[in-house]
Amino acid sequence: LVEEVNRQYVHHMLLYVCPELHEHITFEGECYHPLNPELINQCNLGLVLTGWAVGGQDQHLPSNVGFPLSFENRHMLIEIHYDNPTLNPNIFDSSGIRLWVTDDLRPIDAGVAYVGHMVFNMDIPAREEAFEHKGICSSFCTSGLPREGVQIFSTNFHAHLASTQMHLQHLRNGRELEPIATDRYYDFNYQQSHATKPEVTIMPGDELVISCTYNTMDRNATTPAGIATYEEMCRVFIAYYPFDYSFGPCESLPNPTDFGPPLLENCEFSPYLGPLEPMEYEPLPVVDLCEGYEKPPLDRVPKPLEQFDRSKI
């Protein structure tokens, strides 16, 4: 629910499920500020329940799936990002997220994970027409999933103004499977979740790779990673079921001491920075629908155009 008068300022919202916050239940403050209570900043990096970004509309779930709200000894925290480049001091906002709640529980609990490039060490040079960054959710990070896997039922790409294309690959046992989601015309002003049909099964040991392409031809300076609209991100939110605590944030970044591999990763299953070895895989064959096509011979000779007689008008 975005206040109409503040629509130009509200950038995105995230609703987190947090550890016990009784001591800070009335807390209000700046996101990620170093002087925030430690539990608040830890919550900002944890379990996402749902969210909204510019252009987003309602999200619809499968009829047998719902997001659980009853987490023992846990609270919820809403995080709202604002874009106010002119530093207008007279903005008062009451935007938020509306949840439809029922005690007639659906049989399967859903969860939200996200895959991407961590929001630092992701510079994009100026005057680039198609510059690419990747983020990896490694086979190690998915190894804690249930034996039968989880089902992805929707995805929502998130980047900023320079992004033009986003793509989510699915790797298993050294082979590339059908892509989970692709947006060849990414638009910051239309960040709507899209149903995954058919649903995609993520098995333990699978690897997910997000590719983000940026166009900075209109910029004269390097674009850094960051949460501001004129900075950049590379992330996809994944709605799945059944809910599993091991599947949450799952991101990577280049080693800051080395411009190439090895990479570093961070995931809910292993919440610390560690070395990452991307899966070597056989790419999905590119199907050329026009391969082997031969233009048929012209079976008739076109007649010459008749002269138009204006005197008959």
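Computed from a predicted model, the values in this text were never measured in an experiment. (Residues numbered from 1 in each chain as written. Predicted model: local features only at pLDDT ≥ 70, side-chain atom pairs only at ≥ 80, totals over all residues. Heavy atoms only, no water.)

(A) Expanded view of a nonpolar patch on the surface. Residues Leu69, Met76, Leu99 and Val101 make up a contiguous nonpolar surface patch of about 330 Å² in total accessible area. Turning to its location among the elements, Val101 is positioned in the loop between β4 (75–82) and β5 (108–109). (Patch = residues over 30% accessible without salt bridge, like charges linked within 9 Å, V, L, I, M, F, W, Y side chains within 5 Å. Areas by Shrake-Rupley, 256 points an atom, 1.4 Å probe, with all protein chains shown as cover. Salt bridge = Lys/Arg side-chain N within 4 Å of Asp/Glu carboxyl O. Helix = DSSP H or I, 4+ residues; strand = E, 2+ residues; numbered from the N terminus.)

(B) Region of interest: the nonpolar core. Among the nonpolar cores identified, the biggest contains 38 residues, and Phe157, Leu168, Ile202, Leu208, Ile210 and Phe247 are the most heavily contacted of them. Where this core is concerned, the elements lending two or more residues are β1 (10–18), β2 (47–53), β6 (111–117), β8 (150–158), β9 (163–172), β12 (194–202), β13 (207–214) and β14 (234–241). Non-local contacts of Phe247, meaning those with residues more than four positions away in its chain, are made with Val112, Ala113, Cys137, Leu145, Val150, Leu208 and Tyr240. Formed by eleven residues, the second largest nonpolar core is a distinct cluster that contains Cys18, Leu21, Cys43 and Leu77. (Core = buried A, V, L, I, M, F, W, Y, C linked by side-chain atoms within 4.5 Å. Buried < 20%, exposed > 50% of the residue type's maximum accessible area, 1.4 Å probe, protein only. Contact = heavy atoms within 4.5 Å.)

(C) View of the state of the cysteines. Applying the stated criterion across every chain yields a total of three disulfides. What pairs with Cys137 in a disulfide is Cys250, and their sulfur atoms sit 2.1 Å apart. Classification of the bridge connecting Cys137 and Cys250 rests on its S-S torsion, roughly 90 degrees, and on that basis the disulfide is right-handed. Highlighted residues: Cys137 in strand β7 (residues 131–137) and Cys250 in strand β15 (residues 249–254), separated in sequence by 113 residues. Neither Cys137 nor Cys250 differs from the other in exposure class; each is buried. (Disulfide = S-S within 2.5 Å.)

By themselves, these observations are geometric and do not establish any function.
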